[in-house]
Amino acid sequence: MQYNFDEVIDRKGTDTYKHDYMGGICNGADTSDLIPMWVADMEFRTPQFVFDAIQKRLSQGILGYTAKPAPYYKSICEWNTSQYGMEVAPKMINYIPGVVIGIYMALMALTEKGDKVLIQEPVYHPFRIVPTSNDRQVVMSPLKRTEPSFEMDFDVLEKDIQGCKMMILCNPHNPGGVCWSKETLQRVAEICAKNNVVVVSDEIHCDMLFGGRKHIPFASVSDTARNISITLQAPTKTFNLPGVVAAHAIVFNDELRDKYFGYIQGSDMDLGNVFAFDCVKACYSEQGLEWKAQMLEYVDSNIDYLIDTLSKNCPKIKVIRPQASFLVFLDCRDMEMKQTDLIDFFVQKAHIAMNPGDMFGPGGKGYMRMNVACPKSMMEKALNQIVEAYNEV
């Protein structure tokens, strides 16, 4: 089946966060004419096989409490084996109501108030917000900016990890788009194990790798990594159904699993929802693989177009080509603007809403994060507006 990613769907006025609630990132500006390229959901129609799964459940006539069926666990196990070569047993899997909530529950189950939690910034902002809001001390360990992207500075990590109880890892990295190598992840595991640190690995972008790359789960790189980690996954980013809330945690170590799953189950937070399990099964299938392949090819062409256009017309805006995901970090430091002025440039002059880089930490100052999972017509309009605004500066 050939999917139509050129289709433009009007989402305004549907209470979608991405289109109807942009004001918070736009310095209070009028958002009525902005192109929304911020929140990490796609402008592509959610695949029909997801709707078919939901419709089948709806046809039962009653939206009652729904158990997690054996095929749900089987689909997760088979996906991890076929896609990543990671053998997972059903007992190692637990439903969680979202990856960020999975991080929250790990904090509650495995740390105490006042404990130190390490994150590597610039990084997805809930990594900072959730621990801080729950009275944990966040250690902001900076990544090293290199060409073409970011890398880990192990000397810095070795220093910053001292006294921490947990590290929240972004694998692949958001917003940098880095797919961490096996050697990098092995080193992280060694450092964390030596310091008795649990690693919570957010791997929600793991199915969206470009250029023939294969995702490497943190837990798969060594026995050490396997024994100190919690892996968080979900099909919701890849297949554009974040509103369904269908995530899961994988834990190999028995003792760690008992503590974490015990907290989740004891808090009655793993009931799931009536559509979640069917949607996971639908996505982790042959038809899911085909849709994913076509989507990634389309997004990759958008990234090519973005890089080509900005390098030719806006040389002070450098694109960090992502190795994974549809989120692109734009390095605008050569424009020599304060972050607020940079936001105003894109909002007031280019009429585009993007995530300001400093929301991901101090290392993101001078950057903007752009969501390119959209029809080409939307990309063309956005880039024309950026080029026009750039030429007026």
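As a reminder, the structure under discussion sits directly above these lines.
Numbering of residues starts from 1 in each chain and follows the order in which that chain's sequence is written. Side-chain atom pairs in this predicted model are given and counted only at pLDDT of 80 or more, local residue features only at pLDDT of at least 70, and totals for whole chains, interfaces and linings cover all residues. Side-chain measures were taken over the full set of non-hydrogen atoms in the model, leaving aside hydrogen atoms and water.

Asker: Just checking my understanding: could you explain the environment of Phe360 for this structure?
Answerer: Within the secondary structure layout, Phe360 lies in the loop between strand S14 (355-356) and strand S15 (367-371). Residue contacts for Phe360: discarding those within four places in its chain leaves Glu121, Pro122, Val123, Tyr124, His125, Pro175, Phe329, Asn355 and Arg369. Helix numbers and strand numbers start at the N terminus; a helix is a DSSP run of H or I with at least 4 residues, a strand a run of E with at least 2. When checking whether two residues touch, look at their non-hydrogen atoms; a contact exists if any pair is within 4.5 Å.

Asker: Before we go on, may I ask you to explain the environment of Ala276 in this structure?
Answerer: Looking at the element boundaries, Ala276 is found in helix H10 (residues 276-283). Three labels apply to residues, based on accessible area from a 1.4 Å probe with only protein chains included: buried if under 20% of the type maximum, exposed if over 50%, partly exposed otherwise in between. Given a relative accessible area of 0%, Ala276 falls into the buried group. Expressed as a C-alpha distance, the spacing of Ala276 and Leu209, which sit 67 residues apart in the sequence, is 24 Å. Not counting residues up to four positions away in its chain, the partners in contact with Ala276 are Tyr95, Val244, Val245 and Ala246.

Asker: I'm lost on the pairing of S15 in this one. Help?
Answerer: Consecutive side chains along a regular strand alternate between the two faces of the sheet. Most of S15 is tucked away, with five of its five residues classed as buried. Of the two faces of S15, the one lined by Tyr367, Arg369 and Asn371 and the one lined by Met368 and Met370 are each fully buried. A pair of strands is considered paired only if DSSP assigns at least 2 bridges between the two. Pairing between strand S12 (residues 327-331) and S15: five bridges, direction antiparallel. Pairing of Leu330 across the sheet is with Met368, part of S15. Strand direction decides the pairing type here: S14 and S15, joined by two bridges, are antiparallel. Across the sheet, the residue bridging to Asn355 is Arg369, located in S15.

Asker: Where do I start with the sheet that holds strand S4 (residues 137-142) in this structure?
Answerer: Each strand in a sheet pairs with another by means of backbone hydrogen bonds, the pair being arranged parallel or else antiparallel. One open sheet accounts for seven strands, arranged S2-S10-S9-S8-S7-S3-S4; its pairing is mixed. For this open sheet the edge positions go to strand S2 (93-96) and S4, each flanked by a neighbour on one side alone. Sheet twist, expressed as the mean angle between neighbouring strand axes with direction ignored, is 25°. As judged from the three bridges shared by strand S9 (residues 229-233) and strand S10 (residues 247-250), these two strands associate in the antiparallel manner. Among the inter-strand pairings, Thr231 is bridged to a residue of S10, identified as Ile250. Only the stretch in contact is used when a helix axis is fitted, and all axes are lines through C-alpha atoms; the angle between N-to-C directions ranges over 0 to 180 degrees.

Asker: Can you walk me through the nonpolar core in this structure?
Answerer: In globular proteins that are soluble, nonpolar side chains generally tend to be buried together. What we call a nonpolar core is a set of buried Ala, Val, Leu, Ile, Met, Phe, Trp, Tyr and Cys residues that are connected through their side-chain atoms within 4.5 Å. If you look at the biggest cluster of nonpolar residues, it comprises 86 residues, and the most contacted ones within it are Met37, Ile317, Phe346 and Ile386. Beyond its immediate stretch of four places on either side in the chain, Phe346 contacts Ile317, Cys332, His351, Ile352, Met354, Met368 and Ile386. If you look at the next biggest cluster of nonpolar residues, it comprises 29 residues, including Val139, Phe154, Leu169 and Val199.

Asker: How should I be thinking about the sheet that holds S14 in this particular structure?
Answerer: Spatially, the four strands line up as an open sheet ordered S11-S12-S15-S14, and their pairing is antiparallel. With one partner strand each, in any of the chains shown, strand S11 (318-320) and S14 form the two edges of the open sheet. Pairing between S11 and S12: three bridges, direction antiparallel. Along S12, the bridge assignment pairs Lys318 with Asp331. The sheet strands contacting helix H11 (residues 286-313) are S11, S12 and S15, and the helix crosses S12 at an angle near 15°.

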